[in-house]
Amino acid sequence: MNNRNIDTRRLRVDDLRYLLALARTGRLVAAASALGVDHTTVSRRISALEKAVGVRLVERGADGWELTDMGRSVAESARPIEEAIENVAAAAAGGDVASLRGTVRVTAPDGFGALFVAPALTRIQRAHPHLIVDLITATRELTVHQSGFDLAVAVGSPQGSRLVTEKLAEYSLSLYAAPEYLDLHGVPDSVDSLRHHVLIFYTGSMLRVGDLDLERHLPGVTPRFSSTNIFAHLEATRAGGGIGVLPDFLARRCPELVRLGSFGVDMRLPFYLAARRESVSSPVVRVIRRALQDEVRERKAELQP
């Protein structure tokens, strides 16, 4: 990249807040809501920032607005400025400067997000009441270009130099069925016999998460009831719709379900934490990372019973 002479007098510090808000949400309307303005203001202020620095900072992607490489560099440098402004406001108001502020967005698979991430985030928000927490739950592939998160939990290790990743925990899955289903259809005694049963699992064509490819775990077995939502799997299994391939941490909350034999199949998958490089040094991200690590350490017996 060529060096450019930039007139710093044309840079408005407040415009950096608009860039950070769009980086977090990936949507003009969501960024505007977080900042208490309309979406045209967000667009105008970011355009002014791009004009001042003489380079594109954002571009439209498949899932919303994305930061360019230069945009990520600018956002990483801007984050301490935003935190300093929030601390100044807290000090002027007589509040606790050490209290976390701003908005943080976390994404996680639906089951793990509801049962593990939500309790951890709740404790953080109670300790830091000025912090706004958004939890987005969906089991999907995490891409390096995806906007709208500060910290993400994903099944399997996301790849890409723009993300800082670490293994969070492993969890086990087992086969479960309702007693009435087994009474009607019998109890399978092998992987081959599963082919004659209704299997409940993810909609693979929409999921695109390699670690959740059923063929890897139960070769030749095809789901006949599919959904993108793990709670739909659970309810379909409880209703006697078939045999569910369910996380033990979720299924064991329903004692009426019967856990079937594993037939020699060891279904254990990893959860990974991922943060954008421009977010990893954020105090909020560091606090959430520690809270999630504590949560899974204390509840390991639920993840791998």
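Residues numbered from 1 in each chain as written. Predicted model: local features only at pLDDT ≥ 70, side-chain atom pairs only at ≥ 80, totals over all residues. Heavy atoms only, no water.

Caption draft 1: Representation of helix H5 (residues 110-127). Its 18 residues give H5 an end-to-end C-alpha distance of 24 Å, which sits within 8% of 26 Å, the value for a rise of 1.5 Å per residue. The largest bend in H5 amounts to roughly 40° and is located at Val117, with the proline Pro119 lying one to four residues further along. Among the residues of H5, those classed as buried are Asp110, Gly111, Phe112, Gly113, Leu115, Phe116, Val117, Ala120, Leu121 and Ile124. (Helix = DSSP H or I, 4+ residues; strand = E, 2+ residues; numbered from the N terminus. Expected span 1.5 Å × (residues − 1). Bend = angle between axes of the 7 residues up to and from the residue. Buried < 20%, exposed > 50% of the residue type's maximum accessible area, 1.4 Å probe, protein only.)

Caption draft 2: Seen up close, the side chain of Glu295. The residue Glu295 is located in helix H12 (residues 283-298) in this model. In this structure Glu295 touches Phe116, Pro119, Ala120 and Arg123, once residues within four positions along its chain are discounted. (Contact = heavy atoms within 4.5 Å.)

Caption draft 3: Focus on the environment of Thr137. Tracing the chain through its elements places Thr137 in strand S4 (residues 131-137). Since its relative accessible area comes to 38%, Thr137 is described here as partly exposed. The sequence separation of Thr137 and Val106 amounts to 31 residues, and the corresponding C-alpha distance is 8.4 Å. Apart from the residues within four sequence positions on either side, Thr137 is in contact with Ala108, Pro109, Asp110 and Gly113.

Caption draft 4: View of the nonpolar core. With 60 residues, the main nonpolar core has Phe112 and Leu218 as its most contacted residues. Excluding residues that lie within four positions of it along the chain, Phe112 makes contacts with Val117, Val153, Leu168, Phe249, Phe271, Val296 and Leu303. Residues Leu19, Leu22, Ala23 and Ala75 belong to the second largest nonpolar core, which totals 22 residues. (Core = buried A, V, L, I, M, F, W, Y, C linked by side-chain atoms within 4.5 Å.)

Caption draft 5: Summary view of helix H2 (residues 28-35). Listed in full, the buried residues belonging to H2 are Leu28, Ala31 and Ala32. In an axial view of H2, the angular spread of the buried residues amounts to 100°, which keeps them on one side of the axis. More than 90 degrees from the buried face of H2, the exposed residues found are Val29 and Ser33. Looking at the buried positions of H2, the neighbouring elements they touch are helix H1 (13-25), helix H3 (39-53) and strand S2 (64-67). (Arc of directions from axis to C-beta.)

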